[in-house]
Amino acid sequence: MILPAITPRFAALGEPYSTAIPARPLPAPSLLHVNAALADQLGLSPSIASPEFIALMAGNTAWPGYESRASVYAGHQFGQFVPQLGDGRALLIAEIDDRNGQPQEVQLKGAGPTPYSRHADGRAVLRSSIREYLCSEAMHGLGIPTTRALALVGSPQPVRRETVETAAVVCRVAPSFLRFGHFEFWYYRGETERLKPLADLLIDQHFPEFTGKPDRHALWLTEVVRRTAVLMAHWQAVGFCHGVMNTDNFSALGLTIDYGPFGFLDAFDSHHICNHSDDSGRYAWDRQPVIGHWNATKLLQACLPLLADEPKAAVERAQPIADSYPDAYGKAMLKQWTAKLGLREVRDGDETLINGWLNLMQSSRADFTRSWRHLSRVKANEDGPAHGLRDEILDLVALDAWIPDYRSRLRAEQSEDAERAVRMNAVNPKYVLRNHLAQRSIERAEAGDLSEVATLFELLQRPFDEQPAFEAYAAEPPPEARMIEVSCSS
Ligand code: AMP
Ligand code: MG
């Protein structure tokens, strides 16, 4: 097996940013799925069929030339600062360049305990590993910035959660796994001199346009805040709920990271809470944009020492960066909603039109994904029912009141039905990883049948395409599946 060469970057920072520790081997590992396209991008294709590759993905052997490492971070969890977290079950196993010359970090999740495991077992169960594996690639298919998934390995090793389950490892890939919490750790510990090497590493690798500039830290922070705002607009637009938006689960590159109790909206309720453990609804769907802002201010606070030596001056530089979030989010969200409505440009009054549509979906508890998708069938110049839409929206009186406004807005920009439908279908997905679909694939996988994992993986690569053989995967959940609860247990 010939693997891409190592280029240690984060590892070169050494301790105390991370600790070298080998993965703990798993018995009888089997490769449950491999992401061939990502393997190809990483230059791994010739190796993926070999037994050595399975051993590598299970953590049973090390990547030649690299000592696997766990990093330390902190984080605000549900609003409370936790001074020490870290990679409790994740291990960086390689740092390489992909075929485009882009730096990539390769990480195993569930590869055994680390110094940051805090009495937990360092393992991940098959159930949560399938969810992360499928969802991160589904998000990628939707065009949303995210960590990627390269391989899913299972093992008969028992893992105790509410019940006894079996272990699995997800190999995930990202240009950097640095989180907001990595910066918070050093700030709150008072070792603020440790911030600069971390920020400069990130800037040199991923923001080369800022390298060497005296104001590079402000430029990077401005960009992370913007990316975070844009990411939140992406999530809202597809009805994605992250579930655990703690600052340790927020990426310094603006990627979606750490898929736990996430969910996609089925019946639309803007207050939907996808995480059964989130009693107060801190991370409800409609709160995600505000939380994104709150998290960004926590990152800025942790990075104050990078902005100026004198605290007052640092705050003065951080404030406008923090204040740039609402505008960046507002613009990104408006762009998303108008594109989803098939509008080519934003005009006065569009917000009212959008809110009218969201209210309509809310009052009917209409299926979020299906309703948006059916909207492309509305005809700008024809009255009468838009095929399919009237089956989604129960409140027909409200629908019939809103549709004329929508049609007249379409006519105002001489919208052409067929052309608009193509544009709308490229932004309103037909298929998302609904909980009941993930659940069915998990139940089959637990019984030894991986075919449903493979089917969902394929399907969700092309979420905007009509795939007639898979029509049933676009249906709303059956009544018995609406009760599926997902918690932090993973
Ligand atoms: P999460 O809520 O999944 O983002 O995890 C919060 C923290 O707990 C992170 O530092 C994780 O590394 C750690 N953690 C979660 N589950 C485990 C586990 N089974 N073993 C070790 N650490 C864990
Ligand atoms: Mg996490």
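Residues numbered from 1 in each chain as written. Chains lettered and ligands numbered in written order. Predicted model: local features only at pLDDT ≥ 70, side-chain atom pairs only at ≥ 80, totals over all residues. Heavy atoms only, no water.

Asker: Help me understand the overall build of the chain in this model?
Answerer: Secondary structure assignment for the chain yields 17 helices and 12 strands. A compact globule built from 490 residues would reach a C-alpha radius of gyration of about 23 Å, and the chain, at 23 Å, matches this within 12%. In terms of principal-axis extent, the alpha carbons of the chain reach across some 65 × 60 × 45 Å. Within the chain, the proportion of its 490 residues that are buried is 58%. Considering only residue pairs separated by 6 or more positions, the chain has 72% of its internal contacts joining residues 24 or more positions apart. Summed over all atoms, the accessible surface of the chain reaches about 19,600 Å², with 53% contributed by carbon and sulfur. (Helix = DSSP H or I, 4+ residues; strand = E, 2+ residues; numbered from the N terminus. Rg over C-alpha atoms; globule rule 2.2 N^0.38 Å. Buried < 20%, exposed > 50% of the residue type's maximum accessible area, 1.4 Å probe, protein only. Contact = heavy atoms within 4.5 Å. Areas by Shrake-Rupley, 256 points an atom, 1.4 Å probe, with all protein chains shown as cover.)

Asker: What is the right way to read the packing of aromatic side chains from this model?
Answerer: Each aromatic ring pair is specified by the distance between its two centres and by the angle formed by the two planes. For the structure shown, the criterion picks out 25 aromatic pairs. Ring centres 5.3 Å apart and planes at 90 degrees place the aromatic pair Phe268 and Trp285 in the edge-to-face group. With Phe268 in the loop between strand 12 (263-264) and helix 8 (288-302) and Trp285 in the loop between strand 12 and helix 8, the pair connects residues that are 17 residues apart, well separated along the chain. Of the two residues, Phe268 and Trp285, both sit in the buried class. Put simply, the rings of Phe268, Trp285, Trp337, Trp357, Phe368, Trp372, Trp402 and Tyr406 touch in pairs and so form one group of aromatic residues. (Phe/Tyr/Trp six-rings, centres within 6.5 Å; stacked < 30°, edge-to-face > 60°.)

Asker: Looking at this structure, I do not really get the domain arrangement of the chain. What am I missing?
Answerer: Size of an interface: often given as the accessible area lost when the parts come together. Here the chain is partitioned into domain 1 (10-180) and domain 2 (343-414). Relative placement of domain 1 and domain 2: their C-alpha centres are 43 Å apart. (Domains from an automatic or database assignment.)

Asker: I'm lost on the coordination of the magnesium ion (ligand 2) in this one. Help?
Answerer: Between any two of four tetrahedral donors, the ideal angle at the metal is 109.5 degrees; between two of six octahedral donors, it is 90 or 180 degrees. Taken together, Asn249 (OD1) and Asp258 (OD) make up the full set of protein donors to the magnesium ion (ligand 2), lying 2.0 to 2.2 Å away. In this structure, Asn249 and Asp258 share a single accessibility class: buried. (Donors = N, O, S within 2.8 Å, 3.2 Å for Na, K, Ca; no water.)

Asker: Is there a simple way to explain the site of ligand 1 in this structure?
Answerer: The local shell around ligand 1 holds 17 residues, among which Gly86, Gly88, Asp121, Gly122 and Asn249 are the closest. Between a nitrogen atom of ligand 1 and a side-chain N or O atom of Asp121, the distance comes to 3.0 Å. Interatomic distance of 3.2 Å between a backbone N/O atom of Arg123 and a nitrogen atom of ligand 1. Coverage of ligand 1 by the protein chains reaches 81% of its 490 Å² of free accessible surface. (Near = heavy atom within 4 Å. Polar contact = N/O pair within 3.5 Å; in protein donor to acceptor, adjacent residues only side chain to side chain.)

Asker: Whenever I open this one, the nonpolar core confuses me. Can you help?
Answerer: Where a protein is soluble and globular, its nonpolar side chains tend to be buried together. The biggest cluster of nonpolar side chains holds 154 residues, and the ones touching the most others in it are Trp63, Leu150, Phe183 and Trp220. When residues in this core are grouped by element, the largest group, 12 residues, is from helix 7 (residues 216-238). Counting only domains with at least three residues in this core, you end up with domain 1 (10-180) and domain 2 (343-414). Sequence-distant contacts of Leu150, that is, excluding residues within four places in its chain, are made with His33, Val34, Asn35, Leu38, Ala39, Leu42, Leu44, Phe53, Met57, Tyr133, Cys171 and Val173. (Core = buried A, V, L, I, M, F, W, Y, C linked by side-chain atoms within 4.5 Å.)

Asker: I keep staring at unusual backbone geometry and nothing clicks. Help me out?
Answerer: Trans peptide bonds make up most of the peptide bonds, and negative phi angles are found at most residues other than glycine. Of note, the amide linkage connecting Glu15 to Pro16 takes the cis form, showing an omega dihedral of 5 degrees. We note that Phe78 has phi near 50 degrees; this positive angle belongs to a residue other than glycine. When you line up the elements, Phe78 lands in the loop between strand 4 (75-77) and strand 5 (80-82).

Asker: Would you mind going over the pattern of salt bridges with me for this structure?
Answerer: Charged atoms that come close allow side chains of opposite charge to pair. A complete count under the given rule lists 33 salt bridges for this structure. Residues Lys331 and Asp327 are paired through a salt bridge, measuring 2.9 Å at the closest nitrogen-oxygen approach. On the criterion of helical spacing, the pair formed by Lys331 and Asp327 is a turn pair, its members being 4 residues apart in helix 10 (residues 311-340). Judged by its relative accessible area of 56%, Lys331 is exposed. (Salt bridge = Lys/Arg side-chain N within 4 Å of Asp/Glu carboxyl O.)

Asker: Explain the pairing of strand 7 (residues 103-109) to me, please; I cannot follow it from the model alone.
Answerer: On a regular strand, one side chain projects to one face of the sheet and the next to the other, so that they alternate. Within strand 7, 7 of the 7 residues are buried, which leaves the element mostly enclosed by the surrounding structure. Burial along strand 7 is two-sided: the residues Pro103, Glu105, Gln107 and Lys109 and Gln104, Val106 and Leu108 are all buried. Relative to strand 7, strand 6 (residues 90-97) runs antiparallel, the two sharing 7 bridges. The partner of Asp97 across the bridge, within strand 7, is Pro103. Hairpin remark: strand 6 followed by strand 7, antiparallel, with 5 residues in the connecting loop; positive phi at Gly101, about 80 degrees. Inspection of the sheet shows strand 7 paired to strand 10 (residues 164-174) by 5 bridges, in the antiparallel sense. Across the sheet, Leu108 pairs through a bridge with Cys171, a residue of strand 10. (Pairing = 2+ DSSP bridges.)

Asker: Please explain the state of the cysteines as it appears in this structure.
Answerer: Enumeration according to the criterion identifies 0 disulfides in this entry. The closest cysteine sulfur to the non-disulfide-bonded Cys135 is located on Cys274, 10 Å from its own sulfur. Of the cysteine sulfurs around Cys274, a residue in no disulfide, the closest is that of Cys241, at 4.8 Å. (Disulfide = S-S within 2.5 Å.)

Asker: Hey, could you run me through helix 3 (residues 51-58) in this one?
Answerer: Side chains of residues three or four places apart in an α-helix project in the same direction, reflecting 3.6 residues per turn. Every buried residue of helix 3 is listed here: Phe53, Ala55, Leu56, Met57 and Ala58. On the buried face of helix 3, the contacting elements are strand 2 (30-34), strand 6, strand 7, strand 9 (148-160) and strand 10. Looking at the residues trailing helix 3, positive phi occurs at Gly59, about 85 degrees.

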